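Chain by chain, the residues run as shown.
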Amino acid sequence: MAYKNIVVDIEDYVCLIRLNRPDAMNALNLDLLQELGVALGEAQKNDKVRVCVITGSEKAFAAGADVKMMAEKSFVDVFASDLFTSEEAAITRVRKPIIAAVSGYALGGGCELAMMCDFIIAADSAKFGQPEVNLGVMPGMGGSARLTKLVGRAKAMDMALTGRMMGAEEAERSGLVSRVVPAKKLIEEAVGAARKIAEKGALSVMAIKESVNRADEMPLKEALLFERRLFHALFATEDQKEGMNAFMEKREPQFRDR
Ligand code: CO8
């Protein structure tokens, strides 16, 4: 598929997807989100991809859902079409890891898109916010639900009710991002992290992603059981034998995803 709103590059098992609507601060319209879903779906099927990285421009990861696209819509329009629901599902059902590399603004749907990824690496210039309250609405793709899990009730309330932006340092302190790096090194760091993951066995990587995501959704007792069973299940793989033997033989493991 020829994409108009994103740019996709695959190299060394990493699929780098750049949101590309420079005139609109990468605002998320339906076309962009649909293209993103298709690109991630293709990445999921492609043996040459083991990890995805989503990024924007230096100025904006994404400044939110496209306000110009939404302004005239009615309740019936957004409810009947279930606005953005299938697009969100296309992103969150990907089983390979997705890293968000955020520089500049990640606002509204932009912050929500970053939170749909498995973790966020932020440039020191990153600014996160849920400013929907200023538009007479509220977050609609995780900016109250996922954000509360990530940063806790107090910060989530503060951000969504005041609409204020959070800088990279505060975002790291609050648990929204996993690391902050100089803006110029953002892509290098994010792709570096992706390459590191790409070297691991795909089965453990997939199991880890599934287990951490389930932990967010289940009571602790059930999450622990789910984790334990996946851990047990990995003993049915060749990669478990290879990984443990390589450790004992003091060599690098050669994982084969089996
Ligand atoms: N939508 C559409 N266009 C946008 C958006 C946006 N979210 N953000 C920026 N743009 C456009 C501007 O309109 C402008 O275009 P033009 O030149 O044609 O006027 C261009 O990008 C550049 O923007 P600015 O001139 O405003 O640039 P500044 O550097 O002055 O400011 C800001 C940058 C601070 C990012 C500012 O543009 C801004 O505040 N943007 C809007 C942020 C916002 O409110 N985001 C939330 C949107 S609502 C949302 O995301 C809801 C998601 C949940 C959906 C769930 C559905 C179920």
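Once a new chain begins, its residue numbering starts again from 1 and follows that chain's sequence as written. Only residues with pLDDT of at least 70 are given local features in this predicted model, and only at 80 or more are side-chain atom pairs given and counted; all residues enter the totals for whole chains, interfaces and linings. Side-chain numbers here rest on the full set of heavy atoms in the structure, without hydrogens or water.

Looking at an unreviewed UniProt entry, one finds the protein chain named Enoyl-CoA hydratase and attributed to Sinisalibacter lacisalsi. UniProt positions are given in the numbering used here, feature names are shortened, and annotations may be inferred rather than shown by experiment. Within the UniProt record for the protein chain, the comment given under Sequence similarities (unreviewed entry) is "Belongs to the enoyl-CoA hydratase/isomerase family."

**Q** What is the right way to read the site of the ligand from this model?
**A** Near residues are defined by distance, with any heavy atom within 4 Å of the molecule or strand qualifying the residue. If you check the shell around the ligand, you find 23 residues, and the closest are Ala63, Ala65, Val67, Lys68 and Gly109. Asp23 places a polar main-chain atom, nitrogen or oxygen, 3.5 Å from an oxygen atom of the ligand. We get accessible surface area from the Shrake-Rupley algorithm with a probe of 1.4 Å; when it comes to residues, only the shown protein chains can shield them. For the ligand, the accessible surface in isolation is 1,100 Å², of which the surrounding protein chains cover 64%. Listed by contribution, the elements that provide at least two residues to the shell around the ligand are α2 (67-70), β6 (105-107) and α5 (109-116). Numbering goes from the N terminus for both helices and strands, where a helix is a DSSP run of H or I of at least four residues and a strand is a run of E of at least two. Looking at the shell around the ligand, the element that brings in the most residues is α2, giving 3 residues. Residues are grouped as follows: Ala, Val, Leu, Ile, Met, Phe, Trp, Tyr, Cys and Pro are nonpolar; Asp, Glu, Lys and Arg are charged; every other residue, Gly included, is polar. Here the residues of the shell around the ligand are counted per class, giving 14 nonpolar, 4 polar and 5 charged. Two N or O atoms count as a polar contact when they lie within 3.5 Å, although within protein this holds only if one can serve as hydrogen donor and the other as acceptor, and sequence-adjacent residues are included solely when both atoms are side-chain atoms.

**Q** It is not clear to me how the packing of aromatic side chains should be interpreted in this structure. Could you clarify?
**A** When we look at a pair of aromatic rings, we describe it by the centre distance and by the angle of the planes. To pair, rings of Phe, Tyr and Trp, with the six-membered ring standing in for Trp, must have centres within 6.5 Å; the planes then decide the type, stacked if under 30 degrees apart, edge-to-face if over 60, and tilted in the middle. Applying the stated criterion across every chain yields a total of 2 aromatic pairs. Residues Phe75 and Phe79 carry aromatic rings whose centres are separated by 5.1 Å and whose planes lie at 15° to one another, so their mutual orientation is stacked. Placement of the pair is Phe75 and Phe79 together in helix α3 (residues 75-80), with a separation of 4 residues, close to one helical turn. A simple rule labels every residue: compare its accessible area, found with a 1.4 Å probe on the protein chains alone, to the largest value its type can have, and call it buried under 20%, exposed over 50%, or partly exposed in between. Judged by its relative accessible area of 59%, Phe75 is exposed.

**Q** Sorry if this is basic, but what is going on with the sheet that holds strand β5 (residues 98-102) here?
**A** For sheets, the rule is that strands pair by backbone hydrogen bonds, running either parallel or antiparallel. In this description, strands pair whenever DSSP reports at least two bridges between them. Across the sheet, which stays open at both edges, the 6 strands sit in the order β1-β2-β3-β5-β7-β10 with mixed pairing between neighbours. The open sheet terminates on both sides in strands that have one partner only, identified here as β1 (6-11) and β10 (179-181). Recorded for the sheet is a direction-independent mean angle of 20° between the axes of neighbouring strands. Sheet topology places strand β7 (residues 119-123) next to β10; 3 bridges connect them, and they run parallel. Looking at the pairing, Ala122 lines up with Val180 of β10. Axes, fitted as lines to C-alpha atoms, cover a helix only where it is in contact. Angles between the N-to-C directions of the axes lie from 0 to 180 degrees.

**Q** Can you walk me through the nonpolar core in this structure?
**A** The nonpolar side chains of a soluble globular protein tend to be buried, and buried together. In plain words, nonpolar cores are sets of buried Ala, Val, Leu, Ile, Met, Phe, Trp, Tyr and Cys residues tied together by side-chain atoms within 4.5 Å. Core analysis: the largest hydrophobic core is formed by 44 residues, its most contacted members being Phe128 and Leu176. Per-element accounting of this core gives the leading share, 6 residues, to helix α1 (residues 30-45). Judged by nonpolar contacts, the second largest core, of 17 residues, contains Val51, Ile99, Ala123 and Ala193.

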